[in-house]
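# Fold and contact review
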Amino acid sequence: MISNVNKLKAKMVENEYTIKSLSEKLGMCETTLRRKINNKSEITIAESQKIKDLLNLTKNEYIELFFGD
């Protein structure tokens, strides 16, 4: 589950990713990523770690986005 969807979307913009471009990097279809971001589908640890790397998240940002609250 993504705890802070707005912050994730902000980090995507900051790193010049769209849903489409990020989904391509993750090797999944755009619809699947959209469902995961909107917490309609589970995100795996491996997927969250790939997102962390692609968006250059710090350890604290990663924890806040995926494990906070």
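### Let's talk about the overall build of the protein chain
The number of helices and strands found in the protein chain is five helices and zero strands. If you line up the protein chain on its principal axes, its C-alpha atoms span 25 × 25 × 20 Å. Here the protein chain holds 69 residues, and the buried ones make up 36% of them. Contacts in the protein chain between residues far apart in sequence, at least 24 positions, make up 56% of those at least 6 positions apart. Accessible area of the protein chain: about 4400 Å², with a carbon and sulfur share of 48%. Here the protein chain holds 12 positive side-chain charges and 10 negative ones, and the gap between their average locations is 3 Å.

### Considerations on the side chain of Glu-47
Of note, Glu-47 is situated in helix α4 (residues 45–54). Accessibility expressed as a relative area gives 18% for Glu-47, which makes it buried. Polar contacts involving the side chain of Glu-47 include one to the side chain of Lys-36, which spans 3.0 Å. Contacts of Glu-47, omitting those with residues within four sequence positions, involve Leu-26, Met-28, Lys-36 and Glu-42.

### Some details on the pattern of salt bridges
Applying the stated rule across the entire model yields five salt bridges. Residue Glu-30 is joined to Arg-34 by a salt bridge in which the shortest nitrogen-to-oxygen separation is 3.0 Å. Taken together, the residues span about one helical turn, with Glu-30 and Arg-34 both in helix α3 (residues 30–37) at a distance of four residues. Using a relative accessible area of 32% as the deciding quantity, one classes Glu-30 as partly exposed. Residue Lys-36 is joined to Glu-47 by a salt bridge in which the shortest nitrogen-to-oxygen separation is 3.0 Å. With Lys-36 in helix α3 and Glu-47 in helix α4, the pair connects residues that are eleven residues apart, well separated along the chain. Like Glu-47, Lys-36 is buried.

### Looking at the environment of Glu-42
Assignment of secondary structure puts Glu-42 in the loop between α3 and α4. With 16 residues separating them in the primary sequence, Glu-42 and Thr-58 have C-alpha atoms 22 Å apart. With near-sequence residues (within four places) excluded, Glu-42 lies in contact with Met-1, Lys-36 and Glu-47.

Procedures and definitions
Residues numbered from 1 in each chain as written. Predicted model: local features only at pLDDT ≥ 70, side-chain atom pairs only at ≥ 80, totals over all residues. Heavy atoms only, no water. Helix = DSSP H or I, 4+ residues; strand = E, 2+ residues; numbered from the N terminus. Buried < 20%, exposed > 50% of the residue type's maximum accessible area, 1.4 Å probe, protein only. Contact = heavy atoms within 4.5 Å. Areas by Shrake-Rupley, 256 points an atom, 1.4 Å probe, with all protein chains shown as cover. Lys, Arg positive; Asp, Glu negative; His and termini not counted. Charge placed at Lys NZ, Arg CZ, Asp CG, Glu CD. Polar contact = N/O pair within 3.5 Å; in protein donor to acceptor, adjacent residues only side chain to side chain. Salt bridge = Lys/Arg side-chain N within 4 Å of Asp/Glu carboxyl O.

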